[in-house]
Amino acid sequence: MGTYFNIHNHTMYSNIRLLDCINRPTDLIDKAIELGLSGIAITDHETVASHMELNLYQEKIEKEHPDFKIALGNEIYLCGSRESGQKYYHFILIAKNKMGQRALRELSSRAWMNSYFDRGMERVVTLYSDLQEIVQKYPNSLIATTACLGGELSSRAVSYAKAKKMGDLNTQTEEYNCIVNFVSWCKKLFKDDFYIEVAPGCSKDQIIANQTLNMIAKAMNVDMVIGTDT
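Model, not experiment: these values are computed from the prediction.

Student: Which residues make up the overall build of the protein chain, and what values go with them?
Tutor: Along the protein chain, the regular secondary structure elements total 7 helices and 10 strands. Radius of gyration (C-alpha) of the protein chain: 18 Å, near the 17 Å computed for a compact globule of 230 residues. Along the first, second and third principal axes, the C-alpha set of the protein chain runs to 60 × 40 × 35 Å. Buried positions account for 50% of the 230 residues belonging to the protein chain.

Student: Lay out the packing of aromatic side chains with the relevant residues and their values.
Tutor: As enumerated under the stated definition, the model contains 4 aromatic pairs in all. With 6.4 Å between their ring centres and 55° between their planes, Tyr88 and Tyr116 make a pair best called tilted. One end of the pair, Tyr88, is in the loop between strand 3 (69-79) and strand 4 (89-95); the other, Tyr116, is in strand 5 (residues 116-118), with 28 residues separating them in the sequence. Residue Tyr116 is classed as buried on the basis of its relative accessible area of 15%. Each ring, one from Phe91 and one from Phe190, has its centre 6.2 Å from the other, and the planes form 35°; the classification is tilted. Of the two residues, Phe91 sits in strand 4 while Phe190 sits in helix 6 (residues 169-190), which places them 99 residues apart along the sequence. Assigned by exposure class, Phe91 and Phe190 land together as buried.

Reading guide: rules and limits
- Within any chain, residue numbers begin from 1 and follow the written order of that chain's sequence.
- Per-residue local features of the predicted model are confined to residues with pLDDT of at least 70, and side-chain atom pairs are confined, for both listing and counting, to 80 or more; whole-chain, interface and lining totals are unaffected and use all residues.
- Where side-chain values are given, they derive from all heavy atoms of the structure, hydrogens and water being excluded.
- Secondary structure is summarised from DSSP: a helix means a run of H or I of at least four residues, a strand means a run of E of at least two, and numbering begins at the N terminus for each.
- As a reference, a globule follows 2.2 Å times the number of residues to the power 0.38, and the radius of gyration itself is taken over C-alpha atoms.
- A 1.4 Å probe rolled over the protein chains alone gives each residue an accessible area, and that area as a share of the maximum for its type sets the label: buried under 20%, exposed over 50%, partly exposed in between.
- Ring pairs shown here join Phe, Tyr and Trp side chains whose ring centres sit within 6.5 Å, with only the six-membered ring taken for Trp; geometry is labelled stacked below 30 degrees between planes, edge-to-face above 60, and tilted in between.

So this is what it looks like as structure tokens:
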């Protein structure tokens, strides 16, 4: 069994609000086993709808693949408010235990109960205050990563790097302060269960993000993870 655990993956359940993925959960898990992965986290876009199916499949494969782990997660949209016109930043949460899965359900329920339409799509936002409240309610139950290029940290890292290259000191300073504040908040909230996520993409922005995120991780003493955003 390999040692790589893939922490960022999507299935057809991500299609509730948008067309995103054609993977069936069981097919994705079977492929991960075939590739020799040690486990996989399912992190669909603001939905925990796959979790029951995943739990049942974990029981089914346990005898033949006892060391393979299926983690239950959610890719939330983490924002400071529920305002129209804003950028809806991605953020990954993965349950460490039963309380973590309960925390995911509570957060998801809040997001959906407070949903609203903006620019032709239903928006399901998790507020910083919601996340902080639930993490404090269920301590040591969730793992968090900064997600993909759609995440706040990656977005600001790219903006910071481009501003620095162009000599735009105002934007560079603004993004620097936002980066420090965001990472500090995450570290305080999740402690050692917070990770900076990079991806093996070859787009220009992904390369810039990976290089800048690596510097941020070293400067702020945060471990890194690689997610393929399957």
